[in-house]
Amino acid sequence: MKKCMTLKILAVLLAAGTLSGCIGKNGDLKSGQETFSVVKNNRMQVKEEGIFYIDGYTERMMFYDFGLGEAIPICDRPNCGHNDSGCGAYFSQGYMSGMGCYRDKLYYYDNMDPKIPFYQCEKSGGGRKRIASLNGDKAYGSLSVSLPMFFVEDTVCFGLTETRFLTEPVTKEDGTVKSEECFFMIGKLNLEDGSFEIVKDREAYDPYEEGFEISDYADGRIFYSKRQYAKTRDSSAKNEIRAFDIKTGTDETFFEGKEEMGYLGSIRDEHKVFYVEKGHVYAVDAETKDTEIVFEKEAEEGKELDWLMGDGTIFVCSFPKGTGTAKGETFFSYDVNAKKERRIEKEEYSYAPFLAATKDWYVASTELGMVCISKEAYTKKEWDKAQVIGFF
């Protein structure tokens with residue numbers, strides 16, 4: 001009975017347009033359309049009404065409704081039990097891919113297909129069609145899309161990794177054997193006509209010595225890091241944060257440092273990005289690159305600090321060296337706009353919006369999996385009202 005009711009509720013929501021339209025901090029309004037949205041690197045897209053995601057365990061495309069407190073398979077097939085591959089929400093090995101809702105359509109790609117097809121369908125799951133094949137002509141070797149991906153105006157942008165196996169392995173100076181070469185790129189897909197282009201040229205790297213990771217989008221730029229791993233115990237890793245302008249093609253180093261440096265996040269409305277290094281939080285103007293220290297905190301003897309950011313607030317967890325945040329003992333927050341630091345409870349840290357914040361909801365990752373809580377309940381510290389979505 002509950003499953004039938006769920007399907008009826010989904011039909012009503014789709015008919016009413018509930019699963020669309022509201023933008024909040026995920027984007028702006030332009031002629032009634034979204035102009036920006038992001039799919040996180042955990043296959044999750046948070047909207048005002050709920051969360052679109054791919055469940056890697058059930059291999060289903062899902063929508064979690066904040067109001068209902070329930071996860072709903074995105075399937076338009078009548079009387080479907082959602083328990084086999086005939087389900088409209090079924091996505092084989094979907095944990096390798098990503099999905100997002102933008103301008104009332106669902107978009108997703110299949111990393112397991114060598115051609116990397118990109119699909120579009122209705123929010124109900126029906127009307128599925130392929131709009132592009134990112135590697136249709138097999139111009140690249142083994143190609144894969146990496147999250148996050150950013151919907152910007154009429155396009156969607158994402159990172160790409162190409163792997164080519166060498167015909168003859170190469171022995172390096174340290175005696176290790178190199179059997180493959182990898183390339184990092186940034187691609188842009190036009191959602192209107194399906195045209196695809198590489199906007200950031202291929203950059204070769206050794207996956208055993210270096211790595212790339214996209215962090216954020218702000219002011220027309222995609223921020224990503226290039227990390228050089230420490231080669232010996234006595235050496236330090238190097239971290240370089242770059243900003244790639246998707247319109248001009250300009251690729252510049254925004255800031256660089258040692259292993260301790262990390263990107264925290266951005267406040268899009270204020271055109272600022274933030275990073276932390278050795279207990280200092282820096283705010284960088286995304287246009288002028290002017291930099292200032294906005295917050296400082298040193299770790300106590302025998303302790304380490306973990307730094308995260310969400311909804312304009314920086315959160316800090318202090319824990320014994322060699323353990324982790326699960327062993328956190330003291331917690332702090334710093335409101336960037338109010339310029340106010342305060343000590344907070346463990347629950348305030350656990351349910352803080354590290355993953356996403358909408359106008360009314362926070363989404364966090366906890367030991368129980370993904371959790372959402374209304375801002376009102378968070379402010380009132382009504383932790384029993386947190387909704388556990390689980391792992392996916």
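Residues numbered from 1 in each chain as written. Predicted model: local features only at pLDDT ≥ 70, side-chain atom pairs only at ≥ 80, totals over all residues. Heavy atoms only, no water.

A. Region of interest: the overall build of the protein chain. When its secondary structure is counted, the protein chain shows 3 helices and 31 strands. Residue pairs in contact within the protein chain that sit at least 24 positions apart in sequence constitute 39% of those at least 6 positions apart. Surface exposure of the protein chain reaches about 19300 Å², of which carbon and sulfur atoms provide 45%. (Helix = DSSP H or I, 4+ residues; strand = E, 2+ residues; numbered from the N terminus. Contact = heavy atoms within 4.5 Å. Areas by Shrake-Rupley, 256 points an atom, 1.4 Å probe, with all protein chains shown as cover.)

B. Summary view of the sheet that holds strand β3 (residues 36-39). Spatial ordering of the open sheet is given by β3-β12-β13-β14-β15, a layout of 5 strands whose pairing is antiparallel. One side of each edge strand has no neighbouring strand; the edge strands of this open sheet are β3 and β15 (196-205). Neighbour-to-neighbour, the strand axes of this sheet turn through a mean angle of 25°, independent of strand direction. Across 7 bridges, strand β14 (residues 177-190) lies against β15 in antiparallel orientation. In the strand pairing of β15, K188 is matched with E197. (Pairing = 2+ DSSP bridges. Axes fitted to C-alpha atoms, helices over the stretch in contact; angles between N-to-C directions.)

C. Seen up close, the pairing of strand β18 (residues 238-245). Of all 8 residues making up β18, 7 are buried, and the element is well covered by its neighbours. Where strand β17 (residues 221-228) lies against β18, 8 bridges are found, and the strand directions are antiparallel. Residue pairing across strands places Q228 opposite K238, the latter belonging to β18. (Buried < 20%, exposed > 50% of the residue type's maximum accessible area, 1.4 Å probe, protein only.)

D. View of the packing of aromatic side chains. On inspection of all chains with the given rule, the structure shows 31 aromatic pairs. Aromatic side chains Y349 and F354 sit 5.2 Å apart centroid to centroid with 65° between the ring planes, which places their arrangement in the edge-to-face category. Measuring from centroid to centroid gives 5.5 Å for Y378 and W383, while their planes differ by 80°, and the two rings are edge-to-face. Feature note: the residues F223, F254, F255, Y263, Y275 and Y282 constitute an aromatic cluster, connected by ring pairs. Cation over ring: R268 sits above F36, and NZ or CZ is 4.1 Å from the ring centre. One Lys or Arg, K297, reaches over the ring of F332 and ends 4.0 Å from the middle of that ring. (Phe/Tyr/Trp six-rings, centres within 6.5 Å; stacked < 30°, edge-to-face > 60°. Lys NZ or Arg CZ within 6 Å of the ring centre and 35° of its normal.)

E. Molecular detail of the pattern of salt bridges. This model, assessed by the stated rule, comprises 25 salt bridges. Where E210 meets K226, a salt bridge forms, and the shortest distance between an N and an O atom there is 3.5 Å. With E210 in strand β16 (residues 210-218) and K226 in strand β17, the pair connects residues that are 16 residues apart, well separated along the chain. Among the residues examined, E210 registers a relative accessible area of 14% and is labelled buried. Among the ionic pairs, E252 bridges to K289, the shortest N-O distance being 3.6 Å. (Salt bridge = Lys/Arg side-chain N within 4 Å of Asp/Glu carboxyl O.)

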